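# What the coordinates show
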Amino acid sequence: MVEGFSRRKLLSLEMAKGENGRDNMQIDGHEPRQANAVYEEFNANYLKAYYGKLFPHAEMFKWMSYGNDGKHPACDHSYFGRREFSFTLDNDIYLRFQSFNNATELENSIKEKCPVKIDIGPVYSVDPAKRHAYAQSGDNVFTPVERELVFDIDMTDYDDVRYCCSGADVCLDCWPLMTAAIKVIDIALRDDFGFNHILWVYSGRRGVHCWVCDGRARRLTNEQRAAIADYFRVYKGNDNSQKKVSLMGPVLHPFLARSYTEVLRAFFEEKILSGQKLFATAERFEKILETIPDESIASELRGKWMESRRSSIAKEDINVIRWEQLKHLLQSGKHKAQGLRRCVEEIVFSYTYPRLDMEVSKHMNHLLKAPFCVHPKTGRVCVPIDPEHCEEFDPTGVPTLSSLLDELNSGGQGAEIDNELDRTSLGKSVRFFRSSFLQPLLKSCKEDMESSYNRKLQQSKNSLNW
Ligand SMILES: [Zn+2]
């Protein structure tokens with residue numbers, strides 16, 4: 001029997017996590033932090049059962065192979081074996097540069113080592129497990145050659161614009177910030193960059209990850225990745241500067257204009273404004289007034305709001321009323337100045353625009369937690385999120401390690417279903433992963449392979465004819 005997860009071990013695991021408590025940063029350079037509540041249900045025996053019966057090993061292998069596991073002459077059979085996996089074990093041990101030659105090796109290793117976390121790194125020029133052998137040759141042949149373009153959005157980066165929770169906590173009042181982020185980024189990746197194979201995953205606690213898996217995305221250089229990350233950057237704030245967003249130029253960039261009109265404006269007015277009660281207290285509305293460059297307008301609004309706080313007991317939401325007053329003053333005829341009109345948009349962007357962890361996107365060799373891992377702190381499974389229905393996603397309702405095992409054990413009604421996965425609420429997530437992401441991806445990998453093979457064949461025919 002595997003020894004259960006001791007409290008001490010869990011504590012030390014927490015301590016070893018990356019700075020800011022991020023669970024997906026590169027695993028070196030971590031610093032200790034305060035460990036708080038320990039999730040009792042996270043138990044090595046549970047994890048063993050999860051990897052044994054539920055984790056979609058075959059799908060993970062298929063995905064990471066990108067069609068190279070087939071019989072087509074253009075398949076690169078070394079492809080999967082050059083991918084780095086990294087395992088975090090329950091005793092603080094990090095195993096980096098793990099590689100596997102086939103599906104069976106991957107599955108057996110996961111089942112045997114029972115990692116509390118699996119991270120996925122890049123595909124290297126050579127098998128990462130044998131990197132030292134190549135390092136001695138001195139010509140730097142061990143280098144990342146492919147990696148999905150990834151994005152990491154973490155709720156802790158929104159702490160200055162949410163009042164319901166902070167730090168690691170999320171609730172249904174602040175989670176919509178992630179929904180808005182998914183929509184904005186997903187639309188741009190598809191419409192502006194032409195990517196099709198995009199996987200969104202709940203990080204298991206307080207954020208989302210995005211994996212862009214088109215061949216074109218996987219082969220981007222670090223410079224190109226940085227350029228894409230920069231495309232998404234409007235948030236330049238920190239806690240010390242009042243202005244979180246600068247929208248430059250006489251007109252908004254088409255991407256920002258579309259994000260604003262299609263997603264952010266409605267989202268701000270319908271969800272965030274009242275959900276976060278952005279104008280409910282003087283402290284909160286002062287933060288917004290500080291961003292208005294015209295002092296006379298700011299003090300006019302301040303005066304109005306201080307007064308209304310004392311007098312009126314309005315039936316209507318005070319946040320909505322104040323926002324309408326602010327908009328009216330800033331956009332009214334007598335304040336035609338560009339900067340003031342732009343100010344309304346800047347406020348909306350400050351409170352809703354996606355805040356990306358840029359470093360994760362910029363470098364090929366950044367590790368990112370694999371989908372379908374179980375978050376050691378919450379016990380929640382990192383399930384895919386359908387971007388088309390992301391507003392329906394409820395992070396507090398995703399399957400947890402213990403709920404899944406309960407479902408497995410209460411087997412009765414599943415007598416006619418011989419697939420154990422389909423007996424649990426994880427079945428839906430895996431089916432979504434297969435049908436919406438994996439199957440279209442593999443189909444296009446096959447087509448790419450076919451056409452590049454035919455092109456090469458034609459070239460060699462041409463050269464023979466010559
Ligand atoms: Zn919240």
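Structure: above.
Residues numbered from 1 in each chain as written. Predicted model: local features only at pLDDT ≥ 70, side-chain atom pairs only at ≥ 80, totals over all residues.

### Concerning the overall build of the protein
- Of the regular secondary structure elements, the protein holds 16 helices and 9 strands.
- Per-residue burial for the protein yields a buried fraction of 38% across its 466 residues.
- Contacts spanning at least 24 positions in sequence make up 69% of the contacts within the protein whose residues lie at least 6 apart. (Helix = DSSP H or I, 4+ residues; strand = E, 2+ residues; numbered from the N terminus. Buried ≥ 20, exposed ≤ 12 C-beta atoms within 10 Å, placed from the backbone. Contact = placed C-beta atoms within 7 Å.)

### Topic: the sheet that holds strand β6 (residues 198-202)
- As summarised here, the arrangement of the 4 strands in space is β5-β7-β6-β9, forming an open sheet in which the pairing is antiparallel. Edge positions in the open sheet fall to β5 (149-154) and β9 (384-385), since each of these has one partner strand only.
- Here helix α6 (residues 176-191) sits on the sheet and contacts β5, β6, β7 (207-212) and β9; the angle it forms with β7, its principal contact strand, is near 10°. (Pairing = 2+ DSSP bridges. Axes fitted to C-alpha atoms, helices over the stretch in contact; angles between N-to-C directions.)

### A look at the pairing of strand β2 (residues 94-98)
- Across 3 bridges, the pairing between strand β1 (residues 83-88) and β2 is antiparallel. Across the sheet, F87 pairs through a bridge with L95, a residue of β2.
- Where β1 folds back onto β2 in an antiparallel hairpin, the turn is made up of 5 residues, including D92, whose phi is positive at roughly 75°.

### What about the nonpolar core?
- Counting 99 residues, the largest nonpolar core has V208, C210 and L264 as its most contacted members.
- Residues within four places of V208 in sequence aside, it is in contact with I153, M178, I182, W200, V201, Y202, S203 and I385. (Core = buried A, V, L, I, M, F, W, Y, C linked by C-beta atoms within 7 Å.)

### Some remarks on helix α15 (residues 401-409)
- What α15 keeps buried is the set L401, L404 and L405. End-on view of α15: buried residues confined to an arc of 95°, all on one side of the axis.
- As for α15, its buried residues are in contact with α2 (44-53) and α16 (426-465). (Arc of directions from axis to C-beta.)

### Concerning the environment of C373
- Residue position: C373 is located in the loop between β8 (368-369) and β9.
- Its 23 C-beta neighbours within 10 Å are what place C373 among the buried residues.
- Remark: the alpha-carbon pair of C373 and P115, spanning 258 residues in sequence, is separated by 9.1 Å.
- In this structure, C373 is in contact with K117, I118, G204 and C382, ignoring residues within four places of it in sequence.

Read these as geometric descriptors, not functional statements.
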